[in-house]
Amino acid sequence: MTANLTAPVTPKPDPPRPATPARVRTVVYSALLTVLCLLVLVPFVWMISSSLKHDNQVFTVPTQWIPREFVWSNYADIWTQIPMLAYLRNSAFLAVVISFLQVITGSFAAYGFAKLRFPGRDWLFLAYLATIAVPWQAYMIPQYLIMEQVGLVDTHLSIILLQAFGAFGVFLMRQYYQSIPDELIEAARIDGLSEYRIWWRIMLPLSRPAIASLGLLTFVSTWNDYMGPFIYLTSNELWTVQLGLRSFVGQYDAAYAMIMTGSVISVLPVVLVFLLGQRQFIQGIATSGLKG
Amino acid sequence: MTVTTAPALRKRRPPEPTARPRRRSLRPILVGWSFILPNFLGFALLTLVPMVFGLALSFMDWSPWGDPEWVGFENFERMFRNSTFWIALWNTTYYAAGHIPLTMAVSLGLALLLNGTLAGLGFFRTAFFLPYVTSLVAVAVVWNMLFNPTSGPVNQFLQFVGVTDPPGWTSSTAWAMPAVIVASVWRDMGYYMVLFLAGLQTIPTELYEAARVDGANAWQRFWNITLPGLRPTTFFVLIMCTVASFKVFDLIVVMTDGGPGRATKVLSQLIYEEGIREGRFGLASAISLVLFVLVAGFTVIQFLIQRRQEAR
């Protein structure tokens, strides 16, 4: 799963050899992959190409996949049409704070679950595990009532509390910590390090790949979350990009080009984050599924 | 607890660490809890407590205007008399019945295609994964346009290949749900593809070589080596996919908002509408309980089937 984006799409031609069935198969295989890939990317092409058109050019028969005239002004106008910058700032703020808290509290708890022995530990972990399979919708109403009681509805803090203490982070970090040999920690204990310093000085530096995975996964899922902000945030100035985009679609449902411009802007940050941290991102998903 | 951790103890060099006097045994408990506590506080207050509270709430009449009152099964009676509940239950099942098998088939297919060493495979993996990091709002908005009945590219393509009367997709009660399912499969396949790829990597390649020597064809190798080897992964994917299916919300709210009519209204949307918009907390919690029982029931059944297959 390497970040090999510049690699050629089709394999390099082999030195001349008689066309064996194996070579024919490679060609068919590459062609199949290319066609599938183009098919999967159609929505992205549509998104980008429509964002560079006038509204009345978006739906044409036949579809113009490359705009006849590039309307770059969409990307300049959107910032005044809706408070896009404020939405982006809110989304970025929430995503960064939540990822940070999730990584810190998750890895701290994971150390307790993976490397310390105390009564009740396994039961506690089971409680964490069990909740991963419970859909959020099954307890969002009582959760909302609790938030309302303490006056946190319509604040960013509600979203932060909602997502920063997930069981998933504890689970992911624990998986990784279990692969770190106990001997290492035992040696540190003999050297007189307290458990807290072992976590800070040994476990945290060693688990950098897992931290990157968890941080990236949390960042992307928080950025993309719609339902949490939809339920909790009613004031426009608190809205995230997702809420802003949705409300824009509701108000100007015929502003096709501008809607696509907004979509591209809302997707761009996470796609960049993903492409930069691809390896850790994919690794995180793969590990969480390995011993599920 | 020493029993469960025996293998780990065996690995360690013997006595030094355990040489501490037994009387100070409270300390490890305190240290252990202090690590768990920061996360557990948030987890307990916002996940565990609401879960238990929600169960009680479904037997209560609780609204923003009156005092809470214990009403027994009244919420459930009201729920069963509500026609929208049955429609939402049916739609949720319909969505799951389409989304789960299709997503699993497509993502397994992609994983099998991409589980090679050919140059450039990394590029394809990235491309197929990209939909998963795209926000559901953008996904819904784009697919809504692609599915535009009169001049969207999907119907243009269908007309091109000879379908004279292509479906109305999100504006038709019969075709709105299939449209939502297509969009959701497109978005989710990359995620499960990664899980399947990780699973495929755990199958030893010697098995395939041995099978090839014995003259097994590709289909036989897939059926007798790949599928059994993937069983733990398939099980995990099935559970994750089920949970995700039954709680579908964002995509439907943005793509169709439950419409046209009630054609795509699902349970989690009904919970939101009854609970947070209308303030009928008790009724909404009763519906939540149904959703939970559905997911839990399905998970337990899968777990039992998996256990029986393993025992064989």
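Preceding this section is the structure that the text describes.
Residues numbered from 1 in each chain as written. Chains lettered and ligands numbered in written order. Predicted model: local features only at pLDDT ≥ 70, side-chain atom pairs only at ≥ 80, totals over all residues. Heavy atoms only, no water.

**Considering the overall build of chain A**
Scanning chain A from terminus to terminus reveals 15 helices and zero strands. What you see for chain A is a C-alpha radius of gyration of 24 Å, clearly larger than the 19 Å of a compact globule of 292 residues, by over 25%. Seen through its C-alpha atoms, chain A measures out along the principal axes to roughly 70 × 70 × 30 Å. In chain A, the share of contacts with a sequence separation of at least 24, taken over all contacts with a separation of at least 6, comes to 73%. Working note: accessible area of chain A is about 13,500 Å², and carbon and sulfur atoms make up 66% of it. (Helix = DSSP H or I, 4+ residues; strand = E, 2+ residues; numbered from the N terminus. Rg over C-alpha atoms; globule rule 2.2 N^0.38 Å. Contact = heavy atoms within 4.5 Å. Areas by Shrake-Rupley, 256 points an atom, 1.4 Å probe, with all protein chains shown as cover.)

**Remarks on the side chain of Asn148(B)**
Within the secondary structure layout, Asn148(B) lies in the loop between α6 (136-146) and α7 (153-160). A polar contact is formed between the side chain of Asn148(B) and the backbone nitrogen of Thr150(B), at a distance of 3.1 Å. (Polar contact = N/O pair within 3.5 Å; in protein donor to acceptor, adjacent residues only side chain to side chain.)

**A few points about the interface of chain A and chain B**
Contacts between the two partners involve 102 residues from chain A, matched on the other side by 91 residues from chain B. Here chain A packs against chain B, burying approximately 8,700 Å² in sum over the two surfaces, 78% of which is carbon and sulfur. The interface formed by chain A and chain B contains zero salt bridges. Element by element, the count of residues in the side of chain A that touches chain B is highest for helix α1 (residues 21-51) of chain A, at 14 residues. Split by residue class, the side of chain A that touches chain B holds 71 nonpolar, 22 polar and nine charged. (Buried area = accessible area lost by both parts, 1.4 Å probe. Salt bridge = Lys/Arg side-chain N within 4 Å of Asp/Glu carboxyl O. Nonpolar A, V, L, I, M, F, W, Y, C, P; charged D, E, K, R; others polar.)

**Describing the packing of aromatic side chains**
Considering all chains together, one arrives at 49 aromatic pairs over all chains under this definition. Residues Trp199(A) and Trp200(A) carry aromatic rings whose centres are separated by 6.2 Å and whose planes lie at 40 degrees to one another, so their mutual orientation is tilted. Accessibility expressed as a relative area gives 9% for Trp199(A), which makes it buried. A residue is classified by how much of its surface remains accessible, and Trp200(A), at 55% relative accessible area, is exposed. The side chain of Lys53(A) reaches across the aromatic face of Trp46(A), ending 5.9 Å from its centre. Across the ring face of Tyr132(B), the terminal group of Arg187(B) is positioned such that the distance to the ring centre comes to 5.1 Å. (Phe/Tyr/Trp six-rings, centres within 6.5 Å; stacked < 30°, edge-to-face > 60°. Buried < 20%, exposed > 50% of the residue type's maximum accessible area, 1.4 Å probe, protein only. Lys NZ or Arg CZ within 6 Å of the ring centre and 35° of its normal.)

**Quick notes on the pattern of salt bridges**
Residue and element names in this part refer to chain A. On inspection of all chains with the given rule, the structure shows eight salt bridges over all chains. Measuring nitrogen to oxygen at the nearest pair gives 2.7 Å for the salt bridge that ties Glu 195 to Arg 189. It is possible to trace a salt-bridge network through shared partners that takes in Lys 115, Arg 117 and Asp 182.

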